[in-house]
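Spelled out from the first residue to the last, the chains are:
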Amino acid sequence: MPYFVVHEHHSKRLHYDFRLEMEGVLKSWAVPKGPSMAPKDKRLAIMVEDHPLEYGKFEGIIPKGHYGAGPVVIWDSGKYELLSGSIDEGKVEFLLKGQRLRGAFVLTKLKGKDKEWLLIKKKDEYAVTSYKPEIALTEEKLKEIKERIPPCETE
Ligand code: MN
């Protein structure tokens, strides 16, 4: 079963990078407000470049002067199951089996837009009425990841 990961990325502006393992890479979307477990929240998700599968495990600090400089931590991860659709069709439905994100979601591309999608929780037993993503970057976590070398420095 493929996996998903959500990176909490404290760059100039905090956002969440939602990544799905697909076709041997991590298909990635930047979600400014973060994923929601509430079906009423339609989260803008901007498609960004594919990332290598290994990047899913990355936590660390992207150094100053590099694109996206700032701490990156894993906010959630787990297996997922594809329910229907595909990237090419502009609609993908899937079941997430993470710690924070569970149940059915849909990513749907906005008509006439190149990179803009919406990430929406579908109604199921995991759905809630209101949701705010909890910050994963604690003081301890920051201390822990300071030592790690980001992939962009090792290439
Ligand atoms: Mn990012």
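Remember, predicted model here, so these are calculated numbers, not experimental data.

Parameters and conventions
- Residues numbered from 1 in each chain as written.
- Predicted model: local features only at pLDDT ≥ 70, side-chain atom pairs only at ≥ 80, totals over all residues.
- Heavy atoms only, no water.
- Helix = DSSP H or I, 4+ residues; strand = E, 2+ residues; numbered from the N terminus.
- Rg over C-alpha atoms; globule rule 2.2 N^0.38 Å.
- Buried < 20%, exposed > 50% of the residue type's maximum accessible area, 1.4 Å probe, protein only.
- Contact = heavy atoms within 4.5 Å.
- Areas by Shrake-Rupley, 256 points an atom, 1.4 Å probe, with all protein chains shown as cover.
- Lys, Arg positive; Asp, Glu negative; His and termini not counted.
- Charge placed at Lys NZ, Arg CZ, Asp CG, Glu CD.
- Pairing = 2+ DSSP bridges.
- Donors = N, O, S within 2.8 Å, 3.2 Å for Na, K, Ca; no water.
- Salt bridge = Lys/Arg side-chain N within 4 Å of Asp/Glu carboxyl O.
- Phe/Tyr/Trp six-rings, centres within 6.5 Å; stacked < 30°, edge-to-face > 60°.
- Polar contact = N/O pair within 3.5 Å; in protein donor to acceptor, adjacent residues only side chain to side chain.

1. Comments concerning the overall build of the chain
Then, number 1: A tally of regular secondary structure across the chain gives 2 helices and 9 strands.
Then, number 2: Relative to the 2.2 N^0.38 estimate, which gives 15 Å for 155 residues, the radius of gyration of the chain is 15 Å and therefore close to what a compact globule would have.
Then, number 3: Projected onto its principal axes, the C-alpha coordinates of the chain cover approximately 40 × 30 × 30 Å.
Then, number 4: When the 155 residues of the chain are sorted by exposure, 46% land in the buried category.
Then, number 5: Look at the contacts in the chain between residues 6 or more apart in sequence, and 54% of them connect residues 24 or more apart.
Then, number 6: When the accessible surface of the chain is split by element, carbon and sulfur atoms take 52% of a total near 8,800 Å².
Then, number 7: Each charge class in the chain can be summarised by its mean position, and for the 27 positive and 25 negative side chains these summaries are 6 Å apart.

2. Considering the pairing of strand E1 (residues 3-10)
Then, number 1: Burial within E1 is extensive, with 7 of its 8 residues counted as buried.
Then, number 2: Between E1 and strand E2 (residues 14-22), which pair antiparallel in sequence order, lie 3 residues.

3. As for the coordination of the manganese ion
For a metal bound by four donors in a tetrahedral arrangement, the ideal donor-metal-donor angle is 109.5 degrees, while six donors in an octahedral arrangement ideally sit at 90 or 180 degrees.
Then, number 1: Those protein atoms acting as donors to the manganese ion are His9 (ND1), His15 (NE2) and Asp17 (OD), and they sit at 2.1 to 2.2 Å.
Then, number 2: Counting residues between consecutive donors of the manganese ion along the chain gives the motif H-x5-H-x1-D. Per residue, the accessibility class of His9 equals that of His15, and both read buried.

4. Focus: the pattern of salt bridges
Then, number 1: Taken as a whole, this structure holds 11 salt bridges when the rule is applied.
Then, number 2: The shortest N-O distance in the salt bridge between Glu93 and Lys122 comes to 2.2 Å. Taken together, the residues Glu93 in strand E7 (residues 91-97) and Lys122 in the loop between strand E9 (116-121) and helix H1 (139-145) connect sequence positions 29 residues apart.
Then, number 3: One salt bridge in this structure joins Glu144 and Lys141, with 3.9 Å as the shortest N-O distance. In this pair, Glu144 and Lys141 are both assigned in helix H1, 3 residues apart and thus about one turn of the helix distant.
Then, number 4: Here the salt bridges do not stand alone but share partners, grouping Lys40, Asp41 and Arg43 into one network.

5. Looking at the packing of aromatic side chains
Given two aromatic rings, one states the distance between the centres and the angle between the planes to describe the pair.
Then, number 1: On inspection of all chains with the given rule, the structure shows 8 aromatic pairs.
Then, number 2: Seen from their ring centres, Phe18 and Trp29 are 6.4 Å apart, and the 55° between their planes marks the pair as tilted. Of the two residues, Phe18 sits in strand E2 while Trp29 sits in strand E3 (residues 25-31), which places them 11 residues apart along the sequence. Of the two residues, Phe18 and Trp29, neither departs from the other in class, the shared state being buried.

6. Quick notes on the side chain of Ser36
Then, number 1: Note on placement: Ser36 falls in the loop between E3 and strand E4 (42-51).
Then, number 2: A distance of 3.0 Å separates the side chain of Ser36 from the backbone nitrogen of Ala38, its partner in a polar contact.
Then, number 3: Reaching out from Ser36, the side chain makes a polar contact with the side chain of Asp41 at a distance of 2.6 Å.
Then, number 4: Ser36 has contacts with Asp41, Arg43, Phe105, Lys121 and Tyr131, leaving out every residue within four places of it along the chain.

By themselves, these figures tell us nothing about what the structure is for.
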